[in-house]
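Given next are the chains, with one letter for each unit.
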Amino acid sequence: MTKETTPLLYAALLAAVFWLAWLVLKPFLPGFVWAAVLVAAFRPLHTWLSRRFGGRAWLASSVVTLLVAGFVVVPIVVAVIQVTQGAIAGYEWVQTSYAAEGFDLGLDQRFPWVGDATTRAKDLIGLADVDLQAATMTAVKKLGNFVAANGPAIAGSAFGMVFSFVVMIVMMVVLFASGGSLAAMIAEALPLPRADVLRVVADLTVLTRSVFISVGLTAVVQALLAGVMMMILGIPHALPLTAAVFFSALLPGGTALIWIPVSIGLAVTGRPWACGIFVAWCAGVVSTIDNVLRPIFAKSGVEIPGMMLFIGMFGGLIAFGIVGLFLGPIILYLLRELTIVAKAAA
């Protein structure tokens, strides 16, 4: 073996080891990321408890992790279950209504103008000869076949969620207790000034806490506002629908994904006044209050442009799922800061 080929072989071996290490660590990544987000969000509580427990960091870490699991994670899991149950109930309602009143769910009898409007719309867009009922039933059958064929994959995803939850709990304890030393190790490893790296890490912690609190609390308020009105109006399945509003509220303007179908359901079931009240409340209050609450909850002291925050949240959501709402802005902020630090050090 010549001296020229030795570095190439070493580089190839190192690349292969890095790739294999990535494959090993990839299943743990969602749990790691969620743990980091929650640790950043609840770091002040951990610091306060550490002082109360006489500096026993591991005891404080265990207590905070249990509190977060009990008051944050468990309610979210319950909300997911509620949404699932609501989806099943909605599907059963559609089946029952379809069997009793046909494909239009009785709309033609209650609102004759709906049939005329549908016919004109089909003529306008060139669908006059298309059998929408047959097309819809075919799509439903395909969806059922897809779910049946991908049952093992769906079960595997459920197992993956449980696995990520366990990883998240374990990593939260570790990060709460040893987060400072890990940050110091990162500062030593990076070829950048130590003071700048520590500043960026501290800013990332504050930014993560700010985004988590602003997005999470805003979604809670919007869900409660919608849920209270649904209970006042006597809308069926108000609890699972409230949970669905919470998850949709994580997206700007996402609450309309829930309240618009609910409003249509009120109109279809012959409750026009309830429909009008619900539409006015959701469109005027629920869907707009996030513009007021998010800036209030996001007072973090970390300067980040609004457009960067917007792009980071939506891009992160597409790239990484729900956790991307927090991870996206962090990545963009980290890119900006490391670029500034690298230019200053050059």
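Note: the structure precedes this text.
Residues numbered from 1 in each chain as written. Predicted model: local features only at pLDDT ≥ 70, side-chain atom pairs only at ≥ 80, totals over all residues. Heavy atoms only, no water.

> For this particular structure, what's the right way to read the nonpolar core?
The tendency in soluble globular proteins is for nonpolar side chains to be buried side by side. Of all hydrophobic cores here, the largest spans 52 residues; its most connected members are Leu 38, Met 172, Phe 212, Met 230, Ile 235 and Phe 278. Looking at which element gives the most residues to this core, the answer is helix 9 (residues 194-233), with 12 residues. Not counting the four nearest positions on each side in its chain, Phe 212 is found in contact with Val 37, Leu 38, Ala 41, Phe 42, Val 72, Leu 217 and Phe 326. (Core = buried A, V, L, I, M, F, W, Y, C linked by side-chain atoms within 4.5 Å. Buried < 20%, exposed > 50% of the residue type's maximum accessible area, 1.4 Å probe, protein only. Helix = DSSP H or I, 4+ residues; strand = E, 2+ residues; numbered from the N terminus. Contact = heavy atoms within 4.5 Å.)

> Could you clarify how one ought to interpret the packing of helix 2 (residues 29-41) against helix 9 in this entry?
Any two packed helices are characterised by the angle at which their axes cross and by the distance between the axes. Look at helix 2 against helix 9: their axes get within 8 Å of each other, and the N-to-C directions meet at 90 degrees. When the axes of helix 2 and helix 9 are compared, the pair comes out roughly perpendicular. In contact with Val 37, Leu 38, Ala 40 and Ala 41 of helix 2, helix 9 contributes Thr 205, Thr 208, Arg 209 and Phe 212. (Axes fitted to C-alpha atoms, helices over the stretch in contact; angles between N-to-C directions. Parallel < 35°, antiparallel > 145°, perpendicular 65-115°, else oblique.)

> Sorry if this is basic, but what is going on with helix 11 (residues 256-268) here?
In an α-helix, one turn spans 3.6 residues; hence positions three or four apart end up facing the same way. Its 13 residues place the ends of helix 11 18 Å apart at the C-alpha level, agreeing with the 18 Å of an ideal helix rising 1.5 Å per residue. If you check which residues of helix 11 are buried, you get Ile 258, Trp 259, Val 262, Ser 263, Leu 266 and Val 268. Gly 270 sits one or two positions beyond helix 11 and adopts a positive phi of about 80 degrees. (Expected span 1.5 Å × (residues − 1).)

> What is the right way to read the side chain of Thr 218 from this model?
Checked against the element boundaries, Thr 218 lands in helix 9. Among residues more than four places away in sequence, those in contact with Thr 218 are Ile 213, Asp 290, Leu 293, Arg 294 and Phe 297.

> What's the story with the packing of helix 9 against helix 13 (residues 290-297) in this structure? I'm lost.
Across the interface, helix 9 lies against helix 13 with an axial gap of 8 Å and an inter-helix angle of 145 degrees. Note on packing geometry: the crossing formed by helix 9 with helix 13 is right-handed. Mapping the contact onto sequence places Ser 210, Ile 213, Ser 214, Leu 217, Thr 218, Val 221 and Gln 222 in helix 9 and Asp 290, Leu 293, Arg 294 and Phe 297 in helix 13. By residue class, the composition of the contact of helix 9 with helix 13 is 5 nonpolar, 4 polar and 2 charged. (Left-handed = near helix turned anticlockwise from the far one by under 90°. Nonpolar A, V, L, I, M, F, W, Y, C, P; charged D, E, K, R; others polar.)

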